[in-house]
Amino acid sequence: MSRKGSELLKGDREVLLDLDYVAEEHSADGYGSLQNGSFIPARCFAAADVDEVADDDPMYSRCNTRSNQPVAQLGNYFRDGRTKIDFVLVWEIRSRRKKRGKAKSQGNAGEGGAAPAEENNRSERRKAQLAQWRQKFVHNLESAGLLMEKEETANEKKTIHFLKLSAPWDVLLYYAEELCLRAPLQAQPNLDLNTSARVLKRLCIPNVMMESVPNRPLDYYTCAFRKSKMNRFLGCNDQQSYFTNAQRHRVVYEILARTVYGKRKRAEVGVDRLVNEGVYTAAFPLHEGPFQLPKYEICPDELNQRQILYHYWARWWKWYKYQPLDHIREYFGEKIALYFAWLGFYTAWLLPAAVVGTLVFVSGVMSMGSNAPAKDICISEASYLMCPLCNTCKAWNMSDTCTMAKLGYLFDHPGTVLFSVFMSFWAVTFLEYWKRKMATLSHHWDCMDFHEEEERPRPEFAATAPTMQPNPVTGVKEPYFPEKTRLSRMFTGSMIIIMMLCVVMIFLVTVVMCRGIISMMLFHTGSPVLRTEAGTIANISSSIVNLGLILLMGRVYTALAEQLTKWEMHRTQTQYDNAFIFKVFIFQFVNFYSSPFYVAFFKGRFVGYPSNYGTLFGMRNEDCGPGGCLIELAEQLFIIMVGKQVINNIQEFIIPKVKAWHQKRTLAKVLGDNASREPRRWEEDYKLVECEGLFEEYLEMVLQFGFITIFVAAFPLAPLFALLNNWVEIRLDAHKFACEYRRPVAERAQNIGVWFNILEALSHLSVIANAFLIAFTSDFLPRLLYQYKFDNDLNGYVNFTLAYAPRNYTENPMCRYKAFRDNNGDYSLFYWELVGVRLGFIIAFEHVVFFVLRAIDWIVPDVPESLELKIKRERYLAKQALAENQEALLVSRGRGVAHAATPGTSSPVNVAGGGQPATRPLQT
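These numbers were taken from a predicted model, which means no experiment stands behind them.

Definitions and limits used
- Residues numbered from 1 in each chain as written.
- Predicted model: local features only at pLDDT ≥ 70, side-chain atom pairs only at ≥ 80, totals over all residues.
- Heavy atoms only, no water.
- Helix = DSSP H or I, 4+ residues; strand = E, 2+ residues; numbered from the N terminus.
- Buried < 20%, exposed > 50% of the residue type's maximum accessible area, 1.4 Å probe, protein only.
- Contact = heavy atoms within 4.5 Å.
- Areas by Shrake-Rupley, 256 points an atom, 1.4 Å probe, with all protein chains shown as cover.
- Patch = residues over 30% accessible without salt bridge, like charges linked within 9 Å, V, L, I, M, F, W, Y side chains within 5 Å.
- Salt bridge = Lys/Arg side-chain N within 4 Å of Asp/Glu carboxyl O.
- Pairing = 2+ DSSP bridges.
- Axes fitted to C-alpha atoms, helices over the stretch in contact; angles between N-to-C directions.
- Left-handed = near helix turned anticlockwise from the far one by under 90°.
- Nonpolar A, V, L, I, M, F, W, Y, C, P; charged D, E, K, R; others polar.
- Phe/Tyr/Trp six-rings, centres within 6.5 Å; stacked < 30°, edge-to-face > 60°.
- Disulfide = S-S within 2.5 Å.
- Expected span 1.5 Å × (residues − 1).
- Parallel < 35°, antiparallel > 145°, perpendicular 65-115°, else oblique.

A.B. asks: Help me understand the overall build of the protein chain, please; the structure alone is not making it clear to me.
C.D. replies: For the protein chain, the count of helices and strands is 30 helices and 18 strands. The buried share of the protein chain, taken over its 924 residues, is 50%. Across the protein chain, every contact between residues at least 6 apart in sequence was considered, and the portion connecting residues at least 24 apart equals 76%. Of the roughly 44500 Å² of accessible surface on the protein chain, 58% is carried by carbon and sulfur atoms.

Given below as structure tokens:
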């Protein structure tokens, strides 16, 4: 096996890259397949697919086996109990009996059945094509060195085929070097990844968040794997456990992704495209076993990895415990582990923000009674007769809005200003420390030097690209799409995006008009309560309508963005993902934030004044309510942010369960009477839902990050609601990945990708937005300027902010409205002074905050000093382990010393067996 395997591996890359390659049939001493624990020669594969096309016995059924005695199956193994299952391919075939019945009924239809017969012929040709692709794909997998074993689950209507794949030792060694997997050199103590744990330990405070999780993966100094240096790596003699299951899955998936199944001109290669074409219904690695704990008592160290993750991570009452990140990484790979590391880190940093925000809100509640302007409004009675809010409305007394004036102070007091400054520093400091955490994790998980190799074309791109051209890196011909055509399509797609953003603006105008109509209707009811609270009720109801439109448009646009990104023909998956993320985020940013931006920065700015009101489609432009625009902004943020979180959590809880129920129901029909037997792992995993990736998870959290940073001055409780949501989100996501999703292929990643750039952009935007929010929307600066110029206790402030209607306004003479204008409707001197103060505040605020942020960026290094020392130590060990001429150099030096010490003698010194060894083994 070693001799033949090495020959195959030498030609492996040739086989996988040459799309016109036709694999030769191998004899029984080569890599073959296993059926019921026995070897299947390659010659049986061709006959198998003939049978499948003819709908006779299933694949491999004519292959003779060496033994019919079943071997007890232990875990995820072949029937021999020794060969590990690394991957499973699944496809479904309808039974022959049903097809014959259909053909007979179509044949009896006569001439009227000509069209169905032609359609049936096309369907048969399509199925024959799929079977041919499957046959060649499996044959090339065998040539690549994979072991195979087949299982079936059948009833009268359908047969489900499960092809189990395993990578032997020689294949793993070859691809470990090909994929630059990391090999252990020297063990080191496990890192304490939680800063809070170290702090509490120093303070001698019991840490209720700490929990001992069994079977924690060891930490090693590592280097790139080299087969020629195999003896220098720890554990190289244990072939069963040297490579982790996640590494084995990655190797097999790499083979599946490279293997050819069709013609070179069409770039028909890879299992992903086969799944898209319908050749296979699923392709996935297996979970380690059931996630449920056994009913009998068992030692924690004997639990499988999935049970450990479920018991110590995915259960709801573990919400306050640290996440077992090393276990997550070992089971799901670095990409998913980095997501949960980021989500946990973000949630932990939300705790101080939530505490400070809650204290700011409580301080507003406690000081609400001492608010002089609100007191003045409440005791004014009929002193302030306000101008009508609409053309058909009547004048009203400002004292009617006493309650809203008091509530408005909760969201517009000096504490909210300080909190917005705090959150600006918090956002950037959080990102700076996440960079340190990310660097630590990347090194700890051996991904710091990871760079994705030259990516192969996406399956969809390969299927639809019009021409072939040599790759400038590999020199291999691959599908090509002209760059000019792509740029033209991207430009057209951007125009469609702009049109969709205009649609969002139209919906925003509709919501604004809806709010005005509701407010007018409530004002005309005659009820004192409804008339007083008309603005609040209209704002809340329109916000709920707006949330519905936001969620609807989000679904529509995500589907549209997916089609546009496919149409743009991006070559690699990374390019596709980045383009898709950019489109969806830009739209969702406008979709979610347009209404809060309108309330924060535009509402009440274009009202005009009596006898010269601004209008939109015949309706008067709406003004801020008696409590100010900030309380309306807080209402909108609460409804949109919290409402979206609740709806998303309900969907994440229900939808996977519904999908899994449907999949289990479908498979149960096929199992029939066999459903009572002990379930097999591949059948159980086939019942699960396909993993949908991390896009939706990241998008939800990034939008939440925008809510708690951009508009935090108006809603200090936003971090608290985000914290509560994230505690739920972590457990929901953990349960989905551990219990409801099929196991995804472990992917390597160095960071969270383009999402970090989006977070940085949002953090900088939040500084600007909060500066404008405090300057132009809050009453903080008008009050401050009034205190400086007139009265430090704000006595007479309300009267000062109210202007009299112009003399030519005859409908309600001497009524008041809120503005800094004179009796002719012109802006007063105080207004222009206030504009200067506002602009000065914005400039000072931004410069001070950005200067401090740059200082934080300079003071806090991206890579901790202790990590730099570990990196140097690891590079030193790697240099020792991988030095090509180290042994020869030491031997020659040893001989030179020996000859110098014993001149005149011709007997050589036994370096290897003498007092000083020729090579010094690595200390472990």
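A.B. asks: Even after reading the chapter, I still don't get a nonpolar patch on the surface, so can you show me in this structure?
C.D. replies: A cluster of nonpolar side chains, contributed by Trp 316, Trp 317, Val 646, Ile 650, Phe 653, Ile 654 and Val 658, occupies part of the molecular surface with about 700 Å² of accessible area. With respect to the helices and strands, the residue Ile 654 is situated in helix α21 (residues 629-671). Residue classification places Ile 654 among the partly exposed residues on the basis of a relative accessible area of 43%.

A.B. asks: What is the right way to read the sheet that holds strand β8 (residues 282-284) from this model?
C.D. replies: The strands making up a sheet associate through hydrogen bonds between their backbones, and the pairing can be parallel or antiparallel. In space, the four strands of this open sheet follow the order β4-β5-β3-β8, with antiparallel pairing throughout. At either end of the open sheet lies a strand with only one pairing partner, and these are β4 (147-154) and β8. For this sheet, the mean inter-axis angle between neighbouring strands, taken without regard to orientation, is 20°. For strand β3 (residues 87-94) and β8, the ladder comprises three bridges, and the chain directions are antiparallel. Residue Val 90 lies in a different strand from β8, and its bridge partner there is Ala 282. Relative to β3, helix α8 (residues 245-258) is tilted by about 50°, and along the sheet it contacts β3 and β5 (158-166).

A.B. asks: Looking at this structure, I do not really get the packing of helix α26 (residues 780-789) against helix α28 (residues 829-859). What am I missing?
C.D. replies: Packed helix pairs are specified by the crossing angle of their axes together with the interaxial distance, meaning the distance between the axes. At a minimum axis separation of 10 Å, α26 and α28 run at an interaxial angle of 120°. Of the two possible hands of crossing, α26 and α28 adopt the one that is right-handed. Along the contact surface, α26 presents Leu 781, Pro 782, Leu 785, Tyr 786 and Lys 789, while α28 presents Phe 830, Glu 833, Leu 834, Val 837, Arg 838 and Phe 841. By residue class, the composition of the contact of α26 with α28 is eight nonpolar, no polar and three charged.

A.B. asks: Help me understand the packing of aromatic side chains, please; the structure alone is not making it clear to me.
C.D. replies: For any pair of aromatic rings, the description consists of the separation of the ring centres together with the inter-plane angle of the planes. Inspection of every chain in the model, using the stated rule, returns 65 aromatic pairs. Here the aromatic rings of Trp 91 and Tyr 280 are separated by 5.6 Å at their centres, their planes lie at 70°, and the arrangement is edge-to-face. Note that Trp 91 is positioned in strand β3 and Tyr 280 in the loop between α9 (271-277) and β8, a separation of 189 residues in sequence. The exposure classification of Trp 91 matches that of Tyr 280, with both residues buried.

A.B. asks: Looking at this model, I keep getting lost on the state of the cysteines. Mind explaining?
C.D. replies: Working definition of a disulfide: a covalent bond connecting the sulfur atoms of two cysteines. Throughout the structure, instances matching the rule amount to two disulfides. Two residues share a disulfide in this structure: Cys 378 and Cys 402, whose sulfurs sit 1.8 Å from each other. The disulfide joining Cys 378 to Cys 402 has a torsion of about 85° about its S-S bond and is therefore right-handed. Of this pair, Cys 378 sits in helix α13 (residues 372-378) while Cys 402 sits in helix α14 (residues 402-408), placing them 24 residues apart in sequence. Residue class for Cys 402 comes out buried when judged on its relative accessible area of 17%. Across a sulfur-sulfur distance of 1.9 Å, Cys 387 and Cys 815 are joined as a disulfide pair. Taking the sign of the torsion about the S-S bond as the criterion, the disulfide between Cys 387 and Cys 815, at about 85°, is right-handed. With Cys 387 in the loop between β9 (385-386) and β10 (396-397) and Cys 815 in the loop between β17 (802-804) and β18 (816-818), this residue pair connects regions lying 428 residues apart in the sequence.

A.B. asks: Which parts of the structure should I look at to understand the pairing of strand β6 (residues 182-188)?
C.D. replies: Walk down a regular strand and you will see the side chains alternate between the two sheet faces. Summarising burial for β6: five of the seven residues are buried, a large majority. Where β6 meets strand β7 (residues 219-224), six bridges bridge the pair, whose relative direction is antiparallel. The residue of β7 that forms the bridge with Gln 188 is Asp 219.

A.B. asks: Mind showing me how you'd approach the environment of Glu 868 here?
C.D. replies: With respect to the helices and strands, the residue Glu 868 is situated in helix α29 (residues 865-882). Residues Glu 868 and Thr 440, 428 residues apart in the sequence, show an inter-C-alpha distance of 9.6 Å.

A.B. asks: Teacher, can you tell me more about helix α15 (residues 414-444) here?
C.D. replies: Between its first and last C-alpha atoms α15 spans 44 Å; for 31 residues at 1.5 Å apiece the expected length is 45 Å, and the two agree. After α15 finishes, the residue Asp 446 shows a positive phi value of roughly 60°.

A.B. asks: Explain the environment of Met 521 here, please?
C.D. replies: Checked against the element boundaries, Met 521 lands in helix α17 (residues 483-523). Judged by relative accessible area, which is 55%, Met 521 ranks as exposed.

A.B. asks: Sorry, what's going on with the pattern of salt bridges here?
C.D. replies: Charged atoms that come close allow side chains of opposite charge to pair. Taken as a whole and assessed by the stated rule, the structure comprises 33 salt bridges. Arg 258 serves as the salt-bridge partner of Glu 178, at 3.4 Å between the closest nitrogen and oxygen. Of the two residues, Glu 178 is situated in helix α6 (residues 169-178) and Arg 258 in helix α8; the sequence distance between them amounts to 80 residues. Among the ionic pairs, Lys 736 bridges to Asp 733, the shortest N-O distance being 3.5 Å.

A.B. asks: Which parts of the structure should I look at to understand helix α19 (residues 534-567)?
C.D. replies: For an α-helix, 3.6 residues make a turn, and residues three or four places apart therefore share a direction. A rise of 1.5 Å per residue sets the reference length of α19, with its 34 residues, at 50 Å; its end C-alpha atoms lie 48 Å apart and thus fit the reference within 8%. Just downstream of α19, Met 569 is the residue with a positive phi angle, here 60°.

A.B. asks: Got a minute to help me understand the packing of helix α11 (residues 325-332) against helix α12 (residues 334-366) in this structure?
C.D. replies: Here α11 crosses α12 at 150°, and the two axes come no closer than 7 Å. As summarised for this structure, α11 and α12 are arranged roughly antiparallel, according to the angle between their axes. In terms of crossing hand, the pair formed by α11 and α12 is right-handed. Between α11 and α12, the residues in contact are Leu 325, Ile 328, Arg 329 and Phe 332 and Glu 334, Ile 336, Ala 337, Phe 340 and Ala 341, respectively. Class assignment for the residues of the contact of α11 with α12 results in seven nonpolar, no polar and two charged.

Interpretation in functional terms is not warranted from these geometric data alone.
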